[in-house]
Amino acid sequence: MARREKPQGKATRGKTANNRLRRVDRFLHGYDPALIKRVDDAYAQALFVDLGYGRTPVTTLESARWLRRLHPGLGVLGVEIDAERVAAAESARGPGTDFRLGGFNLPLRPGETVRLVRAFNVLRQYDEAEVAGALELLAGQMLPGSLLLEGTSDPYGRYWSANVYRRGQKAGFITEALVFGTSFRAGFDPVAFQAILPKNLIHRVVPGEPIHAFFEAWKRSVAHTAAHSTWGQRQHFTAAGEALAREGYRLNTRRRWLGRGYLIWQDPWGEAGS
Ligand SMILES: C[S@@+](CC[C@H](N)C(=O)[O-])C[C@H]1O[C@@H](n2cnc3c(N)ncnc32)[C@H](O)[C@@H]1O
């Protein structure tokens with residue numbers, strides 16, 4: 001973004017909390033570690049961008065700690081559209097960690113590129129009609145092969161869901177996965193995810209829509225595997241995920257994901273290879 005270009009978007013509520021996105025960090029750490037570690041030419045200066053970090057930069061700093069386990073020199077940029085929130089992050093700046101005023105048009109400096117953007121609890125406060133334009137703008141500033149994790153959580157991060165968008169070789173994203181995460185602290189019920197769906201889906205849980213069919217199938221698989229709850233929520237979540245995969249949904253059924261409360265629906269809209 002050129003220096004005086006107006007940040008694209010609008011200031012929204014800045015609510016955040018310590019550890020709110022801890023499970024999102026763990027997901028990012030495990031989902032595509034090779035992307036975090038890349039240091040080839042195009043990726044040498046490629047940043048992790050936390051877009052819309054909120055009233056305090058706490059979740060950005062938590063993510064930086066997690067992702068730097070994989071890549072100690074990873075550049076981290078927190079972006080906020082609210083100038084007071086950028087000022088509040090002043091003391092959190094450090095080597096390789098910066099906080100800048102900006103919007104969907106990211107405030108990048110010459111030579112900086114982007115490998116990963118997380119935008120959590122940001123688009124939920126926009127109208128659904130504004131989502132496509134925001135995504136297009138972001139995709140245009142990200143490297144081929146990079147990821148955007150765009151999602152929504154409850155206030156404490158017990159339940160969250162996110163679109164995993166992959167920037168293709170040509171402009172634009174494909175939806176590589178739709179992911180649902182639970183800490184199991186609030187029990188486990190597919191219906192709870194419907195309240196924290198990403199903006200492009202939250203109004204679409206109605207008959208005839210694929211996301212509605214998915215939730216109906218997930219609820220059925222949870223009911224059919226109820227006996228597994230005897231061994232605990234994790235076992236039940238895993239068994240239900242496996243049952244849902246048997247119904248034909250393309251889920252990542254690895255225990256390392258299901259057993260830890262991550263349901264990853266791969267290529268949900270059949271865009272891969274298109
Ligand atoms: C609810 S807070 C989320 C904070 C943190 N990401 C979390 O999930 O806990 C949303 C923040 O996004 C900021 N925001 C909204 N639109 C933005 C945009 N286009 N660019 C940068 N920040 C934006 C708002 O100012 C607000 O502080």
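Computed from a prediction, not measured in an experiment: that's the story for all the values here.

## Some thoughts on the pattern of salt bridges
Following the criterion strictly, the structure yields 18 salt bridges and no others. Across the pair D82 and R85 runs a salt bridge whose closest N-O atoms are separated by 3.4 Å. Across the pair R93 and E90 runs a salt bridge, and its minimum N-O distance is 2.5 Å. For R93, a relative accessible area of 32% translates into the label partly exposed. Salt bridges here are not isolated pairs; linked through shared partners, they connect E90, R93, D98, R100, R109 and E112.

## Description of the site of the ligand
Near the ligand there are 26 residues, and of these T16, E80, R85, N121 and Y126 occur at the shortest range. Here an oxygen atom of the ligand sits 2.8 Å away from a polar atom, N or O, in the side chain of N121. Computed on the free molecule, the ligand has an accessible area of 610 Å², of which 99% lies beneath the protein chains in the complex. By residue class, the composition of the shell around the ligand is nine nonpolar, eleven polar and six charged.

## Observations regarding the sheet that holds strand β5 (residues 147–153)
Strand order in this open sheet of eight strands is β3-β2-β1-β4-β5-β6-β7-β8, and the pairing throughout is mixed. Two strands lie at the open edges of the sheet, namely β3 (97–101) and β8 (262–266), each paired on one side alone. The mean inter-strand angle of the sheet, taken between neighbouring strand axes irrespective of direction, is 20°.

## What about a positive patch on the surface?
On the surface, R22, R26, R69, R158 and R185 cluster together into a positively charged patch. Position of R26 among the secondary structure elements: in helix α1 (residues 22–31). Given a relative accessible area of 37%, R26 falls into the partly exposed group.

## Quick look at the nonpolar core
Grouped together as the largest cluster of nonpolar side chains are 27 residues, with contacts concentrated most on F27, L149, W160 and V179. With residues near it in sequence (within four places) discarded, L149 still touches V24, F27, L28, V117, R118, A119, F120, A162, N163, V164 and V179. Core analysis: the next-biggest nonpolar cluster, separate from the first, contains 24 residues, F180, L201, F215 and F237 among them.

Cut-off values and rules
- Residues numbered from 1 in each chain as written.
- Predicted model: local features only at pLDDT ≥ 70, side-chain atom pairs only at ≥ 80, totals over all residues.
- Heavy atoms only, no water.
- Salt bridge = Lys/Arg side-chain N within 4 Å of Asp/Glu carboxyl O.
- Buried < 20%, exposed > 50% of the residue type's maximum accessible area, 1.4 Å probe, protein only.
- Near = heavy atom within 4 Å.
- Polar contact = N/O pair within 3.5 Å; in protein donor to acceptor, adjacent residues only side chain to side chain.
- Areas by Shrake-Rupley, 256 points an atom, 1.4 Å probe, with all protein chains shown as cover.
- Nonpolar A, V, L, I, M, F, W, Y, C, P; charged D, E, K, R; others polar.
- Pairing = 2+ DSSP bridges.
- Helix = DSSP H or I, 4+ residues; strand = E, 2+ residues; numbered from the N terminus.
- Axes fitted to C-alpha atoms, helices over the stretch in contact; angles between N-to-C directions.
- Patch = residues over 30% accessible without salt bridge, like charges linked within 9 Å, V, L, I, M, F, W, Y side chains within 5 Å.
- Lys, Arg positive; Asp, Glu negative; His and termini not counted.
- Charge placed at Lys NZ, Arg CZ, Asp CG, Glu CD.
- Core = buried A, V, L, I, M, F, W, Y, C linked by side-chain atoms within 4.5 Å.
- Contact = heavy atoms within 4.5 Å.

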